[in-house]
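An overview of the molecular structure
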Amino acid sequence: MARYMSDARPILFFDSGVGGLSIAAPARAAVPDARFVYVADSAGFPYGTRSEVEIAARVPALLGRLAERYDPRLIVIACNTASTIALAAVRQALDLPIVGTVPAIKPAAAMSETRTIGVLGTKATVRQAYVDDLAARFAADCRVIRHGSAELVQLAEAKLRGEATDPARYRAVLAGLFDQPGGEAIDVIVNACTHFPLVEDELAAAAPHAVRFVDGGAGIARRIAYLTQGQDFARNAEDVAVFTGEGGAALAPALARYGFSRVDRL
């Protein structure tokens, strides 16, 4: 009872890089009193170009270490690639709530008027059977066009470091969707990587015509609020961003804007 009445356990967000900030931001609005720990597996970055075997081995093992170190009340795998590959294994390994991030195909299908949607993710995400299943269940009457881009992950990271990015690079990424057969009819794009909402303005400006973008951030925030309702959120420390490798110092100003005033190295 004493622990419950002064429960300072954080919510832990996990991603290969800083894409999960697009999930942490709406979550902070949903549970403003909670303490957050954000972990970027920069030593393993980027996940989108790694094999399924590598990710399936790395993510559960690393999250086990992080759970022991930070004693979170809940873990958010704020990464589509890690979620589509390793979510089940993590849930089996850890005895605490685990919230995954999966492509928002269902709301995209509900929004589309042309019945043609684009799924923009990493190569590792868009080729998963999990995405096949989502498309079959929730967008059976739609044409679902997919494109995997490692380039866009790098652009999002560069933007957060304060670096200028070339609009032509965003146009080239989107061409991977719009230049496919039927792609000219796309009216909704699923940002199926948590990095991509961070450059949504740049993507919208680069699109050949007006499109809407959708991602899972708001839904995940609602899920976090539901799973933690009625819990105490006492604080005993500031919010912290943790990097497993290099890169934290260059991103410190951006992380501070998202409420992570301290940056540590694991």
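Scroll up to find the structure this text is about.
Residues numbered from 1 in each chain as written. Predicted model: local features only at pLDDT ≥ 70, side-chain atom pairs only at ≥ 80, totals over all residues. Heavy atoms only, no water.

**Overview of the pairing of strand E2 (residues 36-40)**
- Across the five residues that make up E2, a large majority, five, are buried.
- With burial as the criterion, each face of E2 is covered, one bearing Phe36, Tyr38 and Ala40 and the other bearing Val37 and Val39.
- Here strand E1 (residues 11-15) runs beside E2; their pairing, made up of five bridges, is parallel. Bridge pairing in E2 places aspartate 15 opposite alanine 40.
- Where E2 meets strand E9 (residues 240-243), four bridges bridge the pair, whose relative direction is parallel. (Buried < 20%, exposed > 50% of the residue type's maximum accessible area, 1.4 Å probe, protein only. Helix = DSSP H or I, 4+ residues; strand = E, 2+ residues; numbered from the N terminus. Pairing = 2+ DSSP bridges.)

**Notes on the sheet that holds strand E5 (residues 116-121)**
- The strand order across the open sheet built from four strands is E6-E5-E7-E8, with neighbouring strands paired in parallel fashion. Of all the strands in the sheet, the pair left with one neighbour each is strand E6 (143-148) and strand E8 (212-214). Between one strand axis and the next, the sheet turns by 25° as a mean value, whatever way the strands run.
- As judged from the six bridges shared by E5 and E6, these two strands associate in the parallel manner. (Axes fitted to C-alpha atoms, helices over the stretch in contact; angles between N-to-C directions.)

**Topic: unusual backbone geometry**
- Residues phenylalanine 45 and proline 46 are joined by a peptide bond in cis, for which omega reads -5°.
- Along the chain, proline 46 falls in the loop between E2 and helix H3 (52-70).
- Within the chain, arginine 115 stands out as a residue other than glycine whose phi angle is a positive 60°.
- By the element assignment, arginine 115 lies in the loop between helix H5 (105-111) and E5.
- You can call arginine 115 partly exposed: its relative accessible area is 26%.

These results come straight from atomic positions and should not be treated as a statement about function.
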